[in-house]
Amino acid sequence: MVKYFLGHSVLRSSWDQVFAAFWQRYPNPYRKAWPGGSKWKLHKAVNKEQASESPLHSDICSKHVLTEDIVHREVTPDQKLLSRRLLTKTNRMPRWAERLFPANVAHSVYILEDSIVDPQNQTMTTFTWNINHARLMVVEERCVYCVNSDNSGWTEICREAWVSSSLFGVSRAVQEFGLARFKSNVTKTMKGFEYILAKLQGEAPSKTLVETAKEAKEKAKETALAATEKAKDLANKAATKQQQQQQQFV
């Protein structure tokens, strides 16, 4: 069973402004970028079975940061911009899930992002999915950025996501946790977008942003805590059921 998410958001900025801000989202108070990002270290880490051996890992985990690399980019004959980026971010497992994996398992998540920009029709479509920890959980996201139908000066975002897990016995708990974390990350993403847009337009009072960041952080923390408790309960039930089944064969 796959958990599905569908959401619509509106940014009170034109499509051109949102398109420009999309490539400048990091750093922001909600999503920080690693200032010393090294491409060769990042690609070296991706090729390792245990990414925690990479020198990049300690910097990422200590700063909760995100890096980005452009892997491919081209303009098609019909004037569409195609891009593929490789991103990395920290993604610590909840305590109830850590006991299922070795202590040295990598905490970094590597993500591929494909995007198609159609400037003539003013649409941008992005596809993202994680390329490691796939056995634990796969999160696939599709976003479409287009001009808002009610206000041509605004941009509408249609966001879809699919969360799946192949872990026997605890897949439901993992999917519940993954969906809750995804929802909290969407809140941070939109706040970060608004911050960058305001900054590009010469706005964004620092005091208001700090207060907003604190509120978003508290809300995300509450959401994650509730999801963790629910997932922990589901995991305990699954473990109990598994033990009972094993006892029946003894």
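As the structure is a prediction and not an experimental result, all values here were calculated from the model. (Residues numbered from 1 in each chain as written. Predicted model: local features only at pLDDT ≥ 70, side-chain atom pairs only at ≥ 80, totals over all residues. Heavy atoms only, no water.)

Q: Looking at this model, I keep getting lost on the overall build of the protein. Mind explaining?
A: Tallying secondary structure elements over the protein gives 6 helices and 8 strands in all. Helices and strands appear in the protein in the N-to-C order β-α-β-α-α-β-β-α-β-β-β-β-α-α. Taken over 250 residues, the protein has a buried fraction of 43%. Long-range pairs, those at least 24 residues apart, make up 62% of the contacts in the protein between residues at least 6 apart in sequence. (Helix = DSSP H or I, 4+ residues; strand = E, 2+ residues; numbered from the N terminus. Buried < 20%, exposed > 50% of the residue type's maximum accessible area, 1.4 Å probe, protein only. Contact = heavy atoms within 4.5 Å.)

Q: For this particular structure, what's the right way to read the packing of aromatic side chains?
A: Working definition: an aromatic ring pair is given by the centre-to-centre distance plus the angle between the planes. Taken as a whole, this structure holds 7 aromatic pairs when the rule is applied. Ring geometry for F22 and W23: centres 4.9 Å apart, planes at 90°, overall edge-to-face. Connected via pairs of aromatic rings, a cluster forms that spans W15, F19, F22, W23, Y145 and F193. Sitting above the plane of the F22 ring, R25 keeps its charged end 4.1 Å from the centroid. (Phe/Tyr/Trp six-rings, centres within 6.5 Å; stacked < 30°, edge-to-face > 60°. Lys NZ or Arg CZ within 6 Å of the ring centre and 35° of its normal.)

Q: Honestly, the nonpolar core in this entry has me stumped. Any pointers?
A: Soluble globular proteins tend to bury their nonpolar side chains together. Formed by 34 residues in total, the largest nonpolar core has its most connected members in L11, Y145 and F193. Those elements that provide at least two residues to this core are β1 (3-11), α1 (15-22), β7 (138-147), β8 (155-164), α5 (171-200) and α6 (206-248). Tallying contributions element by element places α5 first for this core, with 11 residues. Sequence-distant contacts of Y145, that is, excluding residues within four places in its chain, are made with W15, V18, F22, Q122, T123, M124, T126, T155, E156, I157 and F193. (Core = buried A, V, L, I, M, F, W, Y, C linked by side-chain atoms within 4.5 Å.)

Q: I tried to follow the packing of α1 against α5 on my own but got confused; where do I start?
A: Angle between the axes and distance between the axes are the two parameters that describe a pair of packed helices. Look at α1 against α5: their axes get within 10 Å of each other, and the N-to-C directions meet at 110°. It follows that α1 is roughly perpendicular to α5 by the angle criterion. In contact with Q17, V18, A21 and F22 of α1, α5 contributes F193, I196, L197 and L200. Of the residues in the contact of α1 with α5, the class split is 7 nonpolar, 1 polar and no charged. (Axes fitted to C-alpha atoms, helices over the stretch in contact; angles between N-to-C directions. Parallel < 35°, antiparallel > 145°, perpendicular 65-115°, else oblique. Nonpolar A, V, L, I, M, F, W, Y, C, P; charged D, E, K, R; others polar.)

Q: Help me understand the environment of I70 in this model?
A: Positionally, I70 belongs in strand β3 (residues 65-75). Overall, I70 belongs to the partly exposed group, its relative accessible area being 46%. Sequence spacing of I70 and R84 is 14 residues, and the spatial spacing of their C-alpha atoms is 6.1 Å. Apart from the residues within four sequence positions on either side, I70 is in contact with R84 and R85.

Q: I would appreciate a short explanation of the pairing of β8 in the present structure.
A: Remember that side chains alternate between the two faces of the sheet whenever the strand is regular. One ladder, built from 9 bridges, connects β1 with β8; its direction is antiparallel. Bridge pairing in β8 places V10 opposite E156. As defined by bridge partners, β7 adjoins β8 across 10 bridges and the pair is classed as antiparallel. For C146, the partnering residue across the bridge sits in β8 and is E156. (Pairing = 2+ DSSP bridges.)

Q: Can you walk me through α5 in this structure?
A: Each α-helix winds once per 3.6 residues, and so residues spaced three or four apart point in a common direction. Between its first and last C-alpha atoms α5 spans 42 Å; for 30 residues at 1.5 Å apiece the expected length is 44 Å, and the two agree. Positive backbone phi, approximately 75°, marks G202, located one or two places after α5. (Expected span 1.5 Å × (residues − 1).)

Q: What's the story with the pairing of strand β5 (residues 108-118) in this structure? I'm lost.
A: Within β5, 10 of the 11 residues are buried, which leaves the element mostly enclosed by the surrounding structure. Counted between consecutive antiparallel strands, the loop separating β5 from strand β6 (residues 123-130) contains 4 residues, among which Q122 sits at a positive phi close to 55°.

Q: When you look at α1 in this model, what are you seeing that I'm missing?
A: Taken together, the buried positions of α1 are occupied by W15, V18, A21 and F22. The buried residues of α1 occupy an angular sector of 125° when the element is viewed end-on, so they sit on one face. (Arc of directions from axis to C-beta.)

Q: Sorry, what's going on with the state of the cysteines here?
A: Note on terminology: a disulfide is the covalent bond linking the sulfur atoms of two cysteines. With the rule as written, the count across this model stands at 0 disulfides. With no disulfide partner, C158 has as its closest neighbouring cysteine sulfur the one in C146, 7.9 Å distant. (Disulfide = S-S within 2.5 Å.)

Q: So what exactly am I meant to see when it comes to the pattern of salt bridges here?
A: Applying the stated rule across the entire model yields 8 salt bridges. The shortest N-O distance in the salt bridge between K3 and E176 comes to 3.2 Å. Separated by 173 residues along the polypeptide, K3 in strand β1 and E176 in helix α5 bring together distant segments of the chain. When its relative accessible area of 16% is taken as the criterion, K3 is described as buried. Under the relative-accessibility criterion, E176 is labelled buried at 15%. The closest approach of N and O atoms between R142 and E160, which form a salt bridge, is 3.5 Å. Note that R142 is positioned in strand β7 and E160 in strand β8, a separation of 18 residues in sequence. Salt bridges sharing common partners tie together R25, E68, R85 and E113. (Salt bridge = Lys/Arg side-chain N within 4 Å of Asp/Glu carboxyl O.)

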